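What the coordinates show
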Amino acid sequence: MPHHLLVLNPATEDVVATVPAATAEDVDAAVVRAAAAQRGWAAAAPADRARLLRRFAAVVDDHIEELARLEVREAGHTVGNARWEAGNVRDLLDFAAGGVERLSGRQIPVPGGLDITLLEPLGVVGVIAPWNFPMPIAAWATAPALAAGNAVILKPAETTPLTALRLAELALEAGLPEGLLQVLPGEGAVAGDALVVHPGVAKIVFTGSTKVGKSIMAKCADQVKRVTLELGGKSPNIVFADADIEAAAAAAPMAFLDNSGQDCCARTRILVQRSVYDRFLELLTPAIEEIVVGDPADERTQMGPLISRAQLDRVRGYVPDSLPGIRGKAPEGPGFWFPPTVLTGVAEDAPCAVEEIFGPVAVVLPFEDEADAIRLANATPYGLSGSIWTRDVGRAVRASRAVRAGNLSVNSHSSVRYWTPFGGYKQSGLGRELGPDALTAFTETKNVFISTEA
Ligand code: NAD
């Protein structure tokens, strides 16, 4: 009897599906199929590859509602978010398709000949995706990897394999060659590890915990395998006294509560200048209390459940009832519910203030001046995102330069657009995804010198 993954609806704990888990032998067979498909794909005319990817995008577009409803059921995402996520897959495919014919090398002046660079596909790329944004994060790597002429084997997270499996079916429906995009649901330590150590896999793109990311990087070193890592975060939301405090307080809740806080960019460290600290909390309190938490399929819901019992236990472990703070509402009964929570009066170096909780929990810490704000903002091993609220343009620029993180926003909390680069400083990751250079992360640069002397 093969091992199966159990997919639960996080809002009800009902079983949504059971899915056979891939073994290391399944990975071996998938790599053989992928390598064969990749050769034909890389040799195809760029315009044909682009056309097929655009067709894939169009088929995804025809299935947005179905994919969104599936994501609501398997991941507990609010239906509005889930629709956006499915649309994001379509947009990523269209954007990558636009890059196929533009993926050009360079011609570099040299004496005695002609020097050109070729951007060649890597071959078979392994994508190991997390459960927090199953569709977008899978597509961040898959779309540009395919566009650059690679084959992809995608291993979704144990808890969320269903949308990935459906996307693989849609790829075939769109006419992508058999074997070019394969989805292998399975355990991280089995199917994920088999991809990481397989000599036929040229690159691993991993998104998930920093702990697993480090172990994958170490294993990739053995074959000098290419690796992109998108890991955790504990991002600051810095509110200076000269900011529009009303706007900053209004935006702060969803900046860490979106996706129930299961977002690597969540602004979970709210740093507020001491002179406006009390006023900010006064505004934040009702905003947190009014967040609508409940059935993710209901259009009015702002926040759904956590992904699993394990994640719920993990979040609870960080938030004993004794800690002071602001607490919102959450449903009782079945489902993995945790209320929106803002902790006040915690030490700067308390675990809840420096470790990634990955739940609807933020801390508020006061700071004295700009230097103190920057010191606090940088006082974690992470460096993924951050926000800076100020009306002073010079301060916005100085703080943007000083905060060591890959994705900052000023007077806004936006981090991720498919056409701008995304990735982490420090232990938040390695490499960049998305943006104008997304495709080149899936190529090797070959330099060729052709003598004109012979
Ligand atoms: P995880 O890192 O264990 O899992 C992420 C993916 O890696 C999954 O597909 C998993 O199957 C796979 N994986 C696990 N072990 C592996 C191994 N040894 N070899 C190859 N692949 C492996 O994350 P998790 O347990 O699902 O979540 C734990 C914590 O990670 C969260 O609480 C959160 O802090 C963090 N996290 C961060 C992100 C992010 O986007 N940065 C996403 C998910 C989780």
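Residues numbered from 1 in each chain as written. Predicted model: local features only at pLDDT ≥ 70, side-chain atom pairs only at ≥ 80, totals over all residues. Heavy atoms only, no water.

**Here we look at the sheet that holds strand 20 (residues 443-451)**
Strand order in the open sheet formed by 3 strands is 3-4-20, and the pairing between neighbours is antiparallel. Two strands lie at the open edges of the sheet, namely strand 3 (107-108) and strand 20, each paired on one side alone. Note: strand 4 (residues 113-121) against strand 20, 9 bridges, orientation antiparallel. Across the sheet, Leu114 pairs through a bridge with Ile450, a residue of strand 20. (Pairing = 2+ DSSP bridges. Helix = DSSP H or I, 4+ residues; strand = E, 2+ residues; numbered from the N terminus.)

**Looking at the UniProt feature "active site" (unreviewed entry) in the protein**
Mapped onto this numbering, the UniProt entry gives "active site" (unreviewed entry) at Glu230. For Glu230, the location among the structural elements is in strand 9 (residues 226-230). Dropping the residues within four chain positions of it, Glu230 is found in contact with Phe206, Thr207, Gly208, Leu384, Phe422, Gly423, Gly424, Ser428, Gly431 and Glu433. (UniProt positions renumbered as here; feature names shortened; annotations may be inferred. Contact = heavy atoms within 4.5 Å.)

**A word on the pattern of salt bridges**
If you walk through the whole model with that rule in mind, you get 24 salt bridges. For the salt bridge of Glu444 with Arg226, the shortest nitrogen-to-oxygen distance reads 2.7 Å. Within this pair, whereas Glu444 is found in strand 20, its partner Arg226 is found in strand 9, the two being separated by 218 residues in sequence. Looking at Glu444, the relative accessible area reads 31%, which means it is partly exposed. A salt bridge links Arg300 to Asp298; the nearest nitrogen and oxygen atoms lie 2.8 Å apart. Taken together, the salt bridges that share partners define one network made up of Glu65, Arg69, Arg83 and Glu299. (Salt bridge = Lys/Arg side-chain N within 4 Å of Asp/Glu carboxyl O. Buried < 20%, exposed > 50% of the residue type's maximum accessible area, 1.4 Å probe, protein only.)

**Focus: the sheet that holds strand 19 (residues 429-430)**
Reading across from one edge, 7-6-5-8-9-19 is the order of the 6 strands in this open sheet, with mixed pairing throughout. In this open sheet, the two strands that pair with only one neighbour each are strand 7 (181-183) and strand 19. Taken together, the 4 bridges between strand 5 (residues 124-128) and strand 8 (residues 203-207) define a ladder with parallel strand orientation. Residue pairing for strand 8: Gly126 is matched across the bridge by Ile204. Packed on one face of the sheet, helix 5 (residues 134-147) meets strand 5, strand 6 (151-155), strand 7 and strand 8 and runs near 165 degrees to strand 6. (Axes fitted to C-alpha atoms, helices over the stretch in contact; angles between N-to-C directions.)

**Details of the site of the ligand**
Not every one of the 25 residues close to the ligand is listed here, only the nearest: Ala129, Trp131, Ser209, Leu231 and Glu356. In the model, a nitrogen atom of the ligand is placed 2.6 Å from a nitrogen or oxygen of the Leu231 main chain. At a separation of 2.9 Å, an oxygen atom of the ligand approaches a polar side-chain atom of Arg314. If the ligand stood free it would expose 800 Å²; the protein chains cover 85% of that surface. Those elements that provide at least two residues to the shell around the ligand are helix 7 (188-197), strand 8, helix 8 (210-221) and helix 11 (309-318). Broken down by element, the residue count for the shell around the ligand peaks at 3 residues, all from helix 7. Considered class by class, the residues forming the shell around the ligand number 12 nonpolar, 8 polar and 5 charged. Counting contributing residues per domain, the shell around the ligand is built from domain 1 (4-231 + 428-451) and domain 2 (236-416), each supplying no fewer than three. (Near = heavy atom within 4 Å. Polar contact = N/O pair within 3.5 Å; in protein donor to acceptor, adjacent residues only side chain to side chain. Areas by Shrake-Rupley, 256 points an atom, 1.4 Å probe, with all protein chains shown as cover. Nonpolar A, V, L, I, M, F, W, Y, C, P; charged D, E, K, R; others polar. Domains from an automatic or database assignment.)

**Some points on the domain arrangement of the protein**
Segmenting the protein into domains produces domain 1 (4-231 + 428-451) and domain 2 (236-416). Centre-to-centre, using C-alpha coordinates, domain 1 lies 30 Å away from domain 2. Both sides of the domain 1 and domain 2 interface together cover about 2,200 Å² of buried area, and 59% of this is carbon and sulfur. At the junction of domain 1 and domain 2, the tally comes to 3 salt bridges. Across the salt bridge formed by Arg83 and Glu299, the nearest N and O atoms sit 3.0 Å from each other. (Buried area = accessible area lost by both parts, 1.4 Å probe.)

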